[in-house]
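Each chain, written out:
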Amino acid sequence: MKLSHRITHLTGGGSDGWDVFYRARRMIAEGQAVTELTIGEHDIRTHPSILAEMDRSARSGHTGYAMVPGTDLLRDTVAARIQLRTGVPTTRNNVLITPGGQAALFAAHMAACEPGDVGLYLDPFYATYPGTIRGAGAVARAVKTRAEDAFQPNARLIAEKADGAASLLINTPNNPTGVVYSRETLNEIANLCRQRDIWLISDEVYDTQVWDGEHISPRVLPGMVDHTLVIGSMSKSHAMTGSRCGWIVGPEEAIQHLINLATHTTYGVPGFIQDAASYALTAGSDLEEEVAAPFRRRRELAIQVLSKQNTVGLIPAQGAMYLMLDVRATGYSGEGFANALLDSHSIAVMPGESFGDAAAGHIRVAMTIDDERFEAALKTVCEFATYLANRSAAE
Ligand code: PMP
């Protein structure tokens, strides 16, 4: 049996830092109580009114093949929403509906990169990024962002690695760091992309979860409409992770070709899911606010808990559903700390290393359990870190 290099080398191999996550899952399967602060799954489910629309649509017959580019209704809805939020003229011809943001990320790289071109991405990164770029036949090349810059990208460091690059993938608000890119950062990135004729693939799936500062879509920046492919999704904004509904917004010509790709890969998204998404996007901001509110609250709780100690550092948590905590003062790596925390306190967090080298010595905490348990778990994390730091200082 011979499998293609493309598929056998998709994930790059080696330890990817997910051992803690799988160990926690095994402990749970064996009946142990584990506090899971690992993955980005909301602790609330899709709103009943969205489900009601899904049900109505399916029962009224929208269960056949839907239009491959997306229904006119949803494409218009997404276009209107983007135009309202950014001021950039956008029509349905700029929109392709995809089975989630993940499929959109893959399709965008297929559109942007020739086989062998470099697809740049920033470290720390969302787990699927390098594999997605490789899957599209491009060479995935990471550019580090730095803890001392609070993980804001640095255009000069990106430029140093940009030889042969056809695309640059960015993500604001950011998973895993919780950082929202500043206007200055985005302007510098946009200048680089224009000068070097690099596609900017802008993952904005957390754009409704901004706690501090403002979300800026780089598509609004001068000259960027024709250089940017925006990735969006219903997953995070409306707690619809399982519905698999997202989109790409870009220049009409790119979308035309991407529709061809969709015809030959996904063949679209179920019509009843699209109807539910159209409903959710036009039902006013309450639905989104209901989804975002728990994270907003827990972030406040976290700031309070962390302000009472000085062992664990908090990377400014400006958006998304995660906190990036600096545990270097303990003398442990992120992975070492996460393993020790799981063993001694049955709390599971993600080691920073699972998101790339740049987040070594950090842990990512998902704010996805109820407030009381979340606050208690964070206090334990801080106490444990302080204990480890004192112990290593005494050695
Ligand atoms: N981008 C980022 C940064 C994410 O965190 C995720 C999901 N965790 C996705 C894209 C993909 O989301 P989905 O496919 O559910 O839209």
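Residues numbered from 1 in each chain as written. Predicted model: local features only at pLDDT ≥ 70, side-chain atom pairs only at ≥ 80, totals over all residues. Heavy atoms only, no water.

(A) Spotlight on a nonpolar patch on the surface. Taken together, Met-1, Leu-3 and Ile-7 make up a surface patch of nonpolar side chains, about 420 Å² in accessible area. Mapped onto the elements, Ile-7 comes out in helix 1 (residues 5-8). Residue classification places Ile-7 among the exposed residues on the basis of a relative accessible area of 56%. (Patch = residues over 30% accessible without salt bridge, like charges linked within 9 Å, V, L, I, M, F, W, Y side chains within 5 Å. Areas by Shrake-Rupley, 256 points an atom, 1.4 Å probe, with all protein chains shown as cover. Salt bridge = Lys/Arg side-chain N within 4 Å of Asp/Glu carboxyl O. Helix = DSSP H or I, 4+ residues; strand = E, 2+ residues; numbered from the N terminus. Buried < 20%, exposed > 50% of the residue type's maximum accessible area, 1.4 Å probe, protein only.)

(B) Region of the structure containing the side chain of Thr-330. Relative to the assigned elements, Thr-330 resides in the loop between strand 10 (322-326) and helix 13 (334-345). Dropping the residues within four chain positions of it, Thr-330 is found in contact with Thr-311, Phe-337, Ala-385, Leu-388, Ala-389 and Ser-392. (Contact = heavy atoms within 4.5 Å.)

(C) Summary view of the packing of aromatic side chains. Tallied over the full model, the rule gives seven aromatic pairs. Plain terms: the ring middles of Phe-21 and Tyr-22 are 5.2 Å apart, the flat faces sit at 75° to each other, and that makes the pair edge-to-face. With relative accessibility at 47%, the residue Tyr-22 sits in the partly exposed group. Judged by centre distance (5.6 Å) and plane angle (50°), the rings of Phe-337 and Phe-384 are tilted. Residue Phe-337 is located in helix 13, and its partner Phe-384 is located in helix 14 (residues 371-394); the two are separated by 47 residues in the primary sequence. Each of the two residues, Phe-337 as well as Phe-384, counts as buried. Put simply, the rings of Phe-337, Phe-384 and Tyr-387 touch in pairs and so form one group of aromatic residues. (Phe/Tyr/Trp six-rings, centres within 6.5 Å; stacked < 30°, edge-to-face > 60°.)

(D) Seen up close, the packing of helix 2 (residues 19-29) against helix 13. Axis separation between helix 2 and helix 13 bottoms out at 10 Å; the angle between their running directions is 10°. Judged by the inter-axis angle, helix 2 sits roughly parallel to helix 13. Residue-level contacts link Asp-19, Val-20, Arg-23, Ala-24 and Met-27 of helix 2 to Glu-335, Ala-338, Asn-339, Leu-342 and Asp-343 of helix 13. Here the contact of helix 2 with helix 13 is built from residues that sort into five nonpolar, one polar and four charged. (Axes fitted to C-alpha atoms, helices over the stretch in contact; angles between N-to-C directions. Parallel < 35°, antiparallel > 145°, perpendicular 65-115°, else oblique. Nonpolar A, V, L, I, M, F, W, Y, C, P; charged D, E, K, R; others polar.)

(E) Spotlight on helix 5 (residues 100-112). Compared with the 18 Å implied by 1.5 Å per residue over 13 residues, the 19 Å span of helix 5 between its first and last C-alpha is a close match. Within helix 5 the residues assigned to the buried category are Gly-100, Gly-101, Ala-104, Leu-105, Ala-107, Ala-108, His-109 and Ala-112. (Expected span 1.5 Å × (residues − 1).)

(F) Inspection of the domain arrangement of the protein chain at higher detail. What the domain assignment lists for the protein chain is domain 1 (5-45 + 286-387) and domain 2 (62-283). Computed over C-alpha atoms, the centres of domain 1 and domain 2 are 25 Å apart. If you look at the interface, domain 1 gives 36 residues, while domain 2 gives 39 residues. A combined buried area of about 3000 Å² lies between domain 1 and domain 2, and 58% of that area is made up of carbon and sulfur atoms. In this assembly, domain 1 and domain 2 are joined by two salt bridges. On inspection of domain 1 and its partner domain 2, the count reaches 18 residue pairs in polar contact (both at pLDDT 80 or more). Those elements giving two or more residues to the side of domain 1 that touches domain 2 turn out to be helix 12 (286-307), strand 10 and strand 12 (362-366). Here the element with the most residues in the side of domain 1 that touches domain 2 is helix 12; it accounts for seven residues. Of the residues belonging to the side of domain 1 that touches domain 2, the class tally is 18 nonpolar, nine polar and nine charged. (Domains from an automatic or database assignment. Buried area = accessible area lost by both parts, 1.4 Å probe. Polar contact = N/O pair within 3.5 Å; in protein donor to acceptor, adjacent residues only side chain to side chain.)

(G) Representation of the nonpolar core within the structure. Counting residues in hydrophobic clusters, the biggest one holds 68 residues, and the most contacted among them are Ile-248, Leu-323, Leu-325, Phe-337 and Phe-374. Here this core takes eight residues from helix 14, the largest share from any one element. There are two domains that each give this core at least three residues, and those are domain 1 (5-45 + 286-387) and domain 2 (62-283). Dropping the residues within four chain positions of it, Leu-323 is found in contact with Ala-302, Leu-314, Ala-317, Ile-363, Arg-364, Val-365, Met-367, Phe-374 and Leu-378. Residues Ala-147, Leu-168, Leu-186 and Ile-216 belong to the second largest nonpolar core, which totals 28 residues. (Core = buried A, V, L, I, M, F, W, Y, C linked by side-chain atoms within 4.5 Å.)

(H) Broad picture of the sheet that holds strand 12. On the basis of which strands lie adjacent, the open sheet formed by five strands has the order 1-11-12-10-9 and mixed pairing. In the strand order of this sheet, the two ends are held by strand 1 (35-37) and strand 9 (313-314), each with one partner. As defined by bridge partners, strand 10 adjoins strand 12 across five bridges and the pair is classed as antiparallel. What sits directly across from Met-324, in strand 12, is Arg-364. Along the sheet, helix 2 contacts strand 1 and strand 11 (347-351); its crossing angle with strand 11, the most-contacted strand, is approximately 160°. Relative to strand 11, helix 13 is tilted by about 170°, and along the sheet it contacts strand 11 and strand 12. (Pairing = 2+ DSSP bridges.)

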